[in-house]
Amino acid sequence: MSKHEAGPIVARLLTAKQTAAYLGRKSTEVLRTFPVKPVFVGRSQMWDRRHIDLYLDSLSGLEERNRQEDVVDEINRHFQTN
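For the structure given in this document, a descriptive report is provided here. Since this is a predicted model, take the numbers as computed values, not measurements.

### Concerning the sheet that holds strand β2 (residues 39-41)
Link 1 in the chain: Here three strands make up an open sheet; going across it, the order is β1-β3-β2 and the pairing antiparallel. One side of each edge strand has no neighbouring strand; the edge strands of this open sheet are β1 (13-14) and β2.
Link 2 in the chain: Alignment of β1 against strand β3 (residues 44-48), held across two bridges, turns out to be antiparallel. Across the sheet, the residue bridging to Leu-13 is Asp-48, located in β3.

### Looking at the nonpolar core
Link 1 in the chain: Leu-23, Leu-31, Phe-34, Val-36 and Ile-52 are the most contacted members of the largest nonpolar core, which totals 13 residues.
Link 2 in the chain: Elements with a minimum of two residues in this core: α2 (49-60) and α3 (68-81).
Link 3 in the chain: No other element matches α3, which puts three residues into this core.
Link 4 in the chain: Setting aside residues no more than four positions away along its own chain, Ile-52 makes contact with Leu-14, Thr-19, Tyr-22, Leu-23, Phe-34, Val-36 and Trp-47.

### Considerations on the pairing of β3
Link 1 in the chain: When β2 meets β3, the two strands line up antiparallel, connected through three bridges. Its bridge partner being in β3, Phe-40 is matched across the sheet by Gln-45.
Link 2 in the chain: In this antiparallel pair of consecutive strands, β2 and β3, the connection spans two residues, and Gly-42 shows a positive phi of 65°.

### A word on α2
Link 1 in the chain: The end-to-end C-alpha separation of α2 is 16 Å, in line with the 16 Å expected for 12 residues at 1.5 Å each.
Link 2 in the chain: Of the residues making up α2, those classed as buried are His-51, Ile-52, Tyr-55 and Ser-58. Burial along α2 is one-sided: seen end-on, the buried residues are contained in an arc of 125°. In α2, the exposed positions that point more than 90 degrees away from the buried face belong to Arg-50 and Ser-60.
Link 3 in the chain: Here α2 starts with a cap whose side-chain oxygen sits 2.8 Å from the backbone nitrogen of Arg-50, and that cap is Asp-48.
Link 4 in the chain: Directly after α2, the chain includes Gly-61, whose backbone phi takes a positive value near 85°.

### Remarks on the pattern of salt bridges
Link 1 in the chain: Across all of its chains, the model carries two salt bridges by this definition.
Link 2 in the chain: A salt bridge links Asp-48 to Arg-12; its shortest N-O distance comes to 3.0 Å. Taken as a pair, Asp-48 in strand β3 and Arg-12 in the segment before β1 lie far apart in primary sequence, 36 residues in all.
Link 3 in the chain: The salt bridge partner of Arg-32 is Glu-29, with a shortest N-O separation of 3.1 Å.
Link 4 in the chain: On the accessibility criterion, Glu-29 (45% relative accessible area) is partly exposed.

Scoring rules and cut-offs
Residues numbered from 1 in each chain as written. Predicted model: local features only at pLDDT ≥ 70, side-chain atom pairs only at ≥ 80, totals over all residues. Heavy atoms only, no water. Pairing = 2+ DSSP bridges. Helix = DSSP H or I, 4+ residues; strand = E, 2+ residues; numbered from the N terminus. Core = buried A, V, L, I, M, F, W, Y, C linked by side-chain atoms within 4.5 Å. Buried < 20%, exposed > 50% of the residue type's maximum accessible area, 1.4 Å probe, protein only. Contact = heavy atoms within 4.5 Å. Expected span 1.5 Å × (residues − 1). Arc of directions from axis to C-beta. Polar contact = N/O pair within 3.5 Å; in protein donor to acceptor, adjacent residues only side chain to side chain. Salt bridge = Lys/Arg side-chain N within 4 Å of Asp/Glu carboxyl O.

Now the structure itself:
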């Protein structure tokens, strides 16, 4: 790779199938109860990988916040105001 070529691009927005796979699931059914809600890009529902990571960090204790609900509330507030 030359110094002017970009490295591989990692998608930030994921489709339902990609999100389920990212969560280690084969079925998208997991998304029905998943607290991180999708954003719409045109007509397409997409899940923000960063928001998924924030939520998962809160579950595993990596997030500084004490309650995972705070993270979900923050994410949902962000999309309600934008």
